[in-house]
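# Examination of the molecular architecture
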Amino acid sequence: MATTLKRGDLVRAVREKLENSLEATASDTRFPPYLFETRGEILDTSDDYALVKFGEVPTPNIWLRLDQLEKF
């Protein structure tokens, strides 16, 4: 059963799902470690995507598919 993610949840990216995704083929596949190792906060959701802010490092917010995320 999939966990429902919502605004305010603390999450991290799932390496296997992100590296093998359609989105990965459209950009640099050398993903920074903070995506998988630090907490991100869901700021907003739209359809199957979440806008995530990784606050421990100064980086731009990023849209990721909900199925590429897991609760931290």
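Preceding this section is the structure that the text describes.
I will try to describe carefully the structure that is included in this document.

On to the overall build of the chain, then. Scanning the chain from N- to C-terminus turns up three helices and five strands. Ordered by position from the N terminus, the helices and strands of the chain form the series β-α-α-α-β-β-β-β. Summarising its shape, the C-alpha atoms of the chain cover approximately 30 × 30 × 20 Å along the three principal directions. Here the chain has roughly 5000 Å² of accessible surface; of this, 50% comes from carbon and sulfur atoms. Side-chain charges in the chain split into 10 positive and 13 negative, and the spacing between the mean points of these groups amounts to 4 Å.

With that settled, consider the sheet that holds strand β2 (residues 40–46). Across the sheet, five strands lie side by side as β4-β3-β2-β1-β5; this open sheet has antiparallel pairing. Two strands close off the open sheet at either side, each with one partner strand: β4 (62–65) and β5 (69–71). Going from strand to strand, the sheet's axes swing by 50 degrees on average, the running direction of each strand aside. Pairing analysis gives two bridges linking strand β1 (residues 10–13) to β2, with the strands arranged antiparallel. By the bridge assignment, L10 is partnered in β2 with E41.

Another aspect to go through is the packing of aromatic side chains. All told, the structure shown has two aromatic pairs when counted by the stated rule. Between Y34 and F54, the aromatic rings sit 5.5 Å apart at their centres with planes inclined by 70 degrees, giving edge-to-face as the arrangement. Highlighted residues: Y34 in helix α3 (residues 34–37) and F54 in the loop between β3 (49–53) and β4, separated in sequence by 20 residues. In this structure, R12 is placed above the aromatic ring of F72, and the distance from its NZ or CZ to the ring centre is 4.8 Å. For R15, the ring lying beneath its charged end belongs to F36, and the centroid distance is 4.0 Å.

Moving on, we come to the environment of E70. Residue position: E70 is located in strand β5. What makes E70 partly exposed here is its relative accessible area of 33%. Once the C-alpha coordinates of E70 and K53 are considered, the two residues, 17 residues apart in sequence, prove to be 14 Å apart. Non-local contacts of E70, meaning those with residues more than four positions away in its chain, are made with L10, V11, R12 and V14. A polar side-chain atom of E70 sits 2.9 Å from a polar atom in the side chain of R12.

Each value, and the rule that gives it
- Residues numbered from 1 in each chain as written.
- Predicted model: local features only at pLDDT ≥ 70, side-chain atom pairs only at ≥ 80, totals over all residues.
- Heavy atoms only, no water.
- Helix = DSSP H or I, 4+ residues; strand = E, 2+ residues; numbered from the N terminus.
- Areas by Shrake-Rupley, 256 points an atom, 1.4 Å probe, with all protein chains shown as cover.
- Lys, Arg positive; Asp, Glu negative; His and termini not counted.
- Charge placed at Lys NZ, Arg CZ, Asp CG, Glu CD.
- Pairing = 2+ DSSP bridges.
- Axes fitted to C-alpha atoms, helices over the stretch in contact; angles between N-to-C directions.
- Phe/Tyr/Trp six-rings, centres within 6.5 Å; stacked < 30°, edge-to-face > 60°.
- Lys NZ or Arg CZ within 6 Å of the ring centre and 35° of its normal.
- Buried < 20%, exposed > 50% of the residue type's maximum accessible area, 1.4 Å probe, protein only.
- Contact = heavy atoms within 4.5 Å.
- Polar contact = N/O pair within 3.5 Å; in protein donor to acceptor, adjacent residues only side chain to side chain.

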